[in-house]
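Descriptive structure summary
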Amino acid sequence: MTHTRLRVVAALGACMAVLTSGGCTRAFYRLQADQEAYALISEKAQHPHWTLPAFSVDPDPRSRFYQPGPKDFPPMPPDDPEAHRLMHLVDQKQGFRYWHCYGDTPFVENPLWEAYLPVDEEGQVVLRLDTAMELARLHSRNYQTQLEELYLSALDVAFERFRFDVQYFADNSTFYQATGSARSPAGSSSRFNTDTNFQLRRLMASGGQLLVGFANSLVWQFSGPDSYSANSLLNFSLVQPLLRQGARARVLERLTLAERTLLANIRAMERFRREFFVQIAAGAGVGRGPARRGGFFGASGLEGFAGVGGGGFGRVGGLGAGIGGGGGFAGGAGAAQAGGYLGLLQDLQEIKNQQANVAALADSLRLLEAFHQANRIDRLQVDLARQALYNAQSRLLTAQAQFQATLDGYKVLLGLPPDLPVRIEDDLLEPFDLLGQPMLELQSRATDVLASMWSGQDQVAELPPQWQQAKQQLRQDMRTLQRVADLLDRYRFMADPQQHQVDRARLARQIQLLEQLVQYHRRLLNALDPLIFYPQGLQAAVEIHRQARMQLPDVEQAIKDMIQAKPRREETLQILAQREEVLSGQVQQEAFDLEAYRRTVQHQQELFEEIRQRLQRPEQLWNEHALRLQRLVPPVQQTLQRLHSQIAELQKVLEQTSGRLGRVQVGEDGQPIEQQLQQMIQTLSQLAQAVDRITPALEAEARRLATFLPQVEQTQTRALQEVSQLVQDVSDLGLVRARARLEAVVLTIVPMEEQQAMLLAQRFRRDWMNARAALVDSWRLIEFNANDLQSQLDVEFSGSLGTLADDPFRFRDDAGQLRVGIQFDAPLTRINERNIYRQALIEYNQARRNYMAFVDGVHQGLRNILRTMRLNEINFELRRRAVHVALDQVEVARLRLFAPPRPGEQSTFGATTARDLVSALSDLLSVQNDYLSVWVNYEVQRMLLDRDLGTMRLDERGMWIDPGPYVGQVPLEDPSAQPPAQEPQTERSSDAPSPAASPENSSPKSEDETP
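Residues numbered from 1 in each chain as written. Predicted model: local features only at pLDDT ≥ 70, side-chain atom pairs only at ≥ 80, totals over all residues. Heavy atoms only, no water.

**Things to note about the overall build of the protein**
Looking only at helices and strands, the protein has 24 helices and 10 strands in total. Accessible surface, the protein: about 49,400 Å² in total, of which carbon and sulfur atoms supply 52%. (Helix = DSSP H or I, 4+ residues; strand = E, 2+ residues; numbered from the N terminus. Areas by Shrake-Rupley, 256 points an atom, 1.4 Å probe, with all protein chains shown as cover.)

Right under this line is the structure:
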């Protein structure tokens, strides 16, 4: 009896332990789930072609998504105030008191994530492609979601494996029951009982289900005599289906599908990583990543799985059957605008091109305004250039605003807030900056100097007061001389030679002398401003000359880059010259003429040497010109003084003559007209006599001016020519740099044919692997659902063993039971099962069509990519030649402006000079952007080709390992290079590669790599 009570107490203690057990901690279950999921993913990711490096579902501490503090007891995030009230009082009922027991936080995102950003000293994020990719992996919501989908898919496998593991269950129920005397004929009772059950379950791969259980019941009766009873029962049951629900194809389907789904999701994740890089780098869309297969309403595991679309999880053949394609091509002279990081770089370079266009238009406008002040061009052409500048500035501002909007969208794509200050720092498109900012600034300063010299006035400095006075005196003297010449001409035709003894020939010589002096005054007046401002312009030319020489190494490096690229350029031209488009004459063959290219390279080298030799001349040259002009200042001042002193006397006589003539009013005062005419003739005669006295001195000054003025004008013209040549050299230097850079860019030609691309895609595309697997998944469902059409035939073997004498551990065979038998259910009612089976057949055929559509989509996409690449290869050379032509047009248009007029002449420009220049600059901007867009689009297509072939490789940072022209090659040791073991036999289009075809001899080979 004592042993019996001890056993009872032990059993009661075990029951109470089970009763009071509350399970393990949250962290235990979380870490257990992580351990299983990571192990399963690692198990499936052993293949080198879809290895997932350092997989973790938990966000990095540097991420915005990272949750600082306890993971299992996170504090409450900020809530809406009105909604929060309902957590504490809902429908006048007190809510849960302990919502805030884990604390509150004002943050939704990681409050410390910005401390890990790669910022410069100004607090701006320095964005390059590698940093953009790193930021995207840390902060992209889509990327994190794909990781979580893969993780949950692994948990599904863990659950399906658990279904075939030995499963343990335990439960306990303990009650105290008191019953009043009125409720029972036996009187009142007081009883305490506890029931404990332990079970072990196991699902076999054959469909058999094993159950082993232990049940214990202890009862204490406290009313009346102290009594108790104890009973225990050991039982087991084994049920093995033989027909329906019994085949391994049926029993293992959920586990098989979950395992294959995890493998497919790992492949999908690897493809998503490559698509994700292409999206960040080029803005291409990402396809379908890991997709979890749940049951009803996305339940965990495959609960409710029925193998059809309506019940649980059906249409499995659709997995991975997305259309795989590449980018197409856009119309127009250029190519489609890139997106992503390359799109930002392209936008920045186009903004630089637009800025260069604005700077060139501004320089041209300053020149044209100077010509207008010099009366060399009409106002209409100046306004035409000004209108073009306004339009260009407006487009520049619009482009800058659009760039900021695009940049904000890109930051959101990376998972960053749009207001985060970002600075893009990358030299990838630096070769397409044909002129460069230093060269543009130098050309602008040179143009300012030349414009100030052409206009005869400085844009900043003012004319000294003595020179302003001298110019005013010159204009007054010109009016005096012209007035005297007009009066003498009037006297010559009014006076009678015989009556008044007038020597008309002498008067004609005097008038000619006076008019000649007027012309000399005008020329002298035009020479005054250059005498003051030309030395300043020449001093500025010294600095421009020095800065131009500082640009020589940069231009020389561009020449070297052009020469270095020459072998590849020649090879590319030889390849392209054999294209059908070129041979058939659809495009100009001169763009692919090898000899023309060589002449271009040689000409740029020779032109650079000419410019360099001129720029190597000593800077003293400009100082010498300035000294010559400064030496002319004293003689000019003396000449001005002598002229003014001589003309001052003539001015007095003119004033007297004008006064007397003003008092003579022909036809008034009652005097006869003949008498009044005689008075006017007499007054003009006195003027002529005064001119006779001054004529010798005027003739002497005229002879001096005849020899002095050409010297002044020639000195000024020579200085202007030298500055014009310097400005022309600066402009030519920029053009040489632009042309050299233009010829240094080489496309990475990928020698790949369509059939070869399809063979590679068939072998290496992970989504194609998944599509094949998904098709087989759909095919297996035929067998899965056909099983339900069979009869139900189960073999059952069960038994139990009980205890006696109130001893819970004293089992007796005579208290046992054994049961063996079969259960049969005839297939008389199988309407639902029949429909599901028929649906499975139809869905399999749908899956076959989906697979064919997938293959056709891959084929179409690869054809589009290869077609676009071939187009870009031709179009790139055409756009290159178009840039050359545009540069030539700009050069010709500017040469017209740089040519100064001849000495003593004032030539004017044609009526279309400004229009031609504006048009040339606009064309240059357009073809520069086209040239850039074709190259960027080609690089994007090359990236897409590597991705869609399935051969793209990433480094540990998730960055593309650029294979150069060898797209599609894989290392020899890569086991993924082996063709698939089995390919479903499906209908294929006539141009699709055969699955059984061996592609070993179709891949491009290099010296160190072979597929």
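**Notes on the packing of helix 7 (residues 253-282) against helix 22 (residues 766-786)**
Where helix 7 contacts helix 22, the axes come no closer than 9 Å and their chain directions differ by 165°. Between helix 7 and helix 22, the angle falls in the class roughly antiparallel. For helix 7 against helix 22, the interelement crossing comes out left-handed. Residues Glu253, Thr256, Leu257, Arg260, Ala264, Arg267, Ala268, Glu270, Arg271 and Arg274 of helix 7 form the contact with helix 22, whose own contacting residues are Arg766, Asp767, Met769, Asn770, Ala773, Val776, Asp777, Arg780, Leu781 and Phe784. Across the contact of helix 7 with helix 22, the residue classes break down as 8 nonpolar, 2 polar and 10 charged. (Axes fitted to C-alpha atoms, helices over the stretch in contact; angles between N-to-C directions. Parallel < 35°, antiparallel > 145°, perpendicular 65-115°, else oblique. Left-handed = near helix turned anticlockwise from the far one by under 90°. Contact = heavy atoms within 4.5 Å. Nonpolar A, V, L, I, M, F, W, Y, C, P; charged D, E, K, R; others polar.)

**Quick look at the pairing of strand 9 (residues 792-803)**
Taken together, the 9 bridges between strand 7 (residues 227-241) and strand 9 define a ladder with antiparallel strand orientation. By the bridge assignment for strand 9, Leu233 is matched with Gly802. (Pairing = 2+ DSSP bridges.)

**Describing the pattern of salt bridges**
Within this structure, the stated rule accounts for 60 salt bridges. The partner of Lys44 in a salt bridge is Glu43, with the nearest N and O atoms 3.4 Å apart. Residue Glu43 is classed as partly exposed on the basis of its relative accessible area of 40%. Among the ionic contacts, a cluster of salt bridges with common partners joins Asp120, Arg128, Asp130, Arg423, Glu425, Asp955 and Arg957. (Salt bridge = Lys/Arg side-chain N within 4 Å of Asp/Glu carboxyl O. Buried < 20%, exposed > 50% of the residue type's maximum accessible area, 1.4 Å probe, protein only.)

**Remarks on the side chain of Arg765**
Looking at where Arg765 falls in the secondary structure, it is placed in the loop between helix 21 (754-764) and helix 22. At a separation of 3.1 Å, a polar atom in the side chain of Arg765 contacts the main-chain carbonyl oxygen of Asp948. (Polar contact = N/O pair within 3.5 Å; in protein donor to acceptor, adjacent residues only side chain to side chain.)

**Here's the deal with the confidence of the model for the protein**
Scored by pLDDT, the protein comes out at a mean of 82, with 84% of its residues at no less than 70. Here residues 295-303 is a poorly scored stretch, pLDDT under 50, and it has 27 contacts once near neighbours within four places are set aside; other chains count. A low-confidence stretch, residues 309-317 (pLDDT under 50), is modelled with 33 contacts involving residues beyond four sequence positions or located in other chains. (pLDDT = per-residue confidence, 0-100.)

**A few points about helix 4 (residues 129-139)**
By the burial criterion, the buried members of helix 4 are Thr131, Ala132, Met133, Leu135, Ala136, Leu138 and His139. On the buried face of helix 4, the contacting elements are strand 3 (125-127), helix 5 (141-162), helix 7 and helix 9 (379-414).

**Quick notes on the pairing of strand 6 (residues 209-221)**
Here strand 5 (residues 189-203) runs beside strand 6; their pairing, made up of 13 bridges, is antiparallel. Counted as the bridge partner of Thr194 is Leu218 from strand 6. The hairpin formed by strand 5 and strand 6 contains 5 residues between the paired strands, and Gly207 there has a positive phi angle of roughly 105°. In terms of strand pairing, strand 6 meets strand 7 through 13 bridges, oriented antiparallel.

**As for the environment of Asp729**
Note on placement: Asp729 falls in helix 20 (residues 673-744). A sequence separation of 119 residues divides Asp729 from Glu610, and the C-alpha atoms of the two residues are 9.2 Å apart. Non-local contacts of Asp729, meaning those with residues more than four positions away in its chain, are made with Ile611, Arg614 and Leu615.

**Describing the nonpolar core**
If you look at the biggest cluster of nonpolar residues, it comprises 215 residues, and the most contacted ones within it are Leu127, Phe277, Leu488, Phe592, Val636, Met943 and Leu945. At 24 residues, helix 20 tops the list of elements feeding residues into this core. With sequence-adjacent residues up to four places away left out, Val636 is seen in contact with Trp467, Leu524, Leu528, Leu531, Phe708 and Val712. (Core = buried A, V, L, I, M, F, W, Y, C linked by side-chain atoms within 4.5 Å.)

**Some remarks on the environment of Ala281**
Of note, Ala281 is situated in helix 7. Note on Ala281: relative accessible area 1%, which makes it buried. Between the alpha carbons of Ala281 and Ala132 there is a distance of 8.4 Å; along the sequence they are 149 residues apart. Discounting chain neighbours no more than four positions away, the residues touching Ala281 are Leu129, Gly339, Gly340, Tyr341, Leu342 and Met943.

**A short note on the packing of helix 14 (residues 552-564) against helix 17 (residues 594-615)**
Viewed as axis vectors pointing N to C, helix 14 and helix 17 meet at an angle of 160°, and their least axial separation amounts to 11 Å. Considered as vectors, helix 14 and helix 17 are oriented roughly antiparallel to each other. In this structure, the crossing between helix 14 and helix 17 has a hand that is left-handed. Residue-level contacts link Leu552, Val555, Glu556, Ile559, Met562 and Ile563 of helix 14 to Tyr597, Val601, Gln604, Gln605, Phe608, Arg612 and Leu615 of helix 17. Residues that form the contact of helix 14 with helix 17 fall into these classes: 9 nonpolar, 2 polar and 2 charged.

**Topic: the sheet that holds strand 9**
Within the open sheet, the 6 strands sit side by side as 4-5-6-7-9-10. Their pairing is antiparallel. With partners counted over all chains shown, the strands left at the sheet margins are strand 4 (167-179) and strand 10 (811-825), one partner each. Taken pair by pair, the neighbouring strands of this sheet meet at an average axis angle of 15°, ignoring direction.

**Points about the packing of aromatic side chains**
This structure, assessed with the given rule, holds 16 aromatic pairs. Ring centres 5.3 Å apart and planes at 55° place the aromatic pair Phe432 and Tyr931 in the tilted group. With Phe432 in the loop between strand 8 (422-424) and helix 10 (437-455) and Tyr931 in helix 24 (residues 913-949), the pair connects residues that are 499 residues apart, well separated along the chain. One exposure class covers both Phe432 and Tyr931, and it is buried. Taken together, the ring pairs in this structure connect Phe432, Phe876, Tyr931 and Trp935 into an aromatic cluster. One residue, Arg201, lies across the ring of Phe169, its end atom 4.5 Å from the ring centre. Sitting over the face of the ring of Phe784, Arg250 holds its NZ or CZ atom 3.9 Å from the ring centroid. (Phe/Tyr/Trp six-rings, centres within 6.5 Å; stacked < 30°, edge-to-face > 60°. Lys NZ or Arg CZ within 6 Å of the ring centre and 35° of its normal.)

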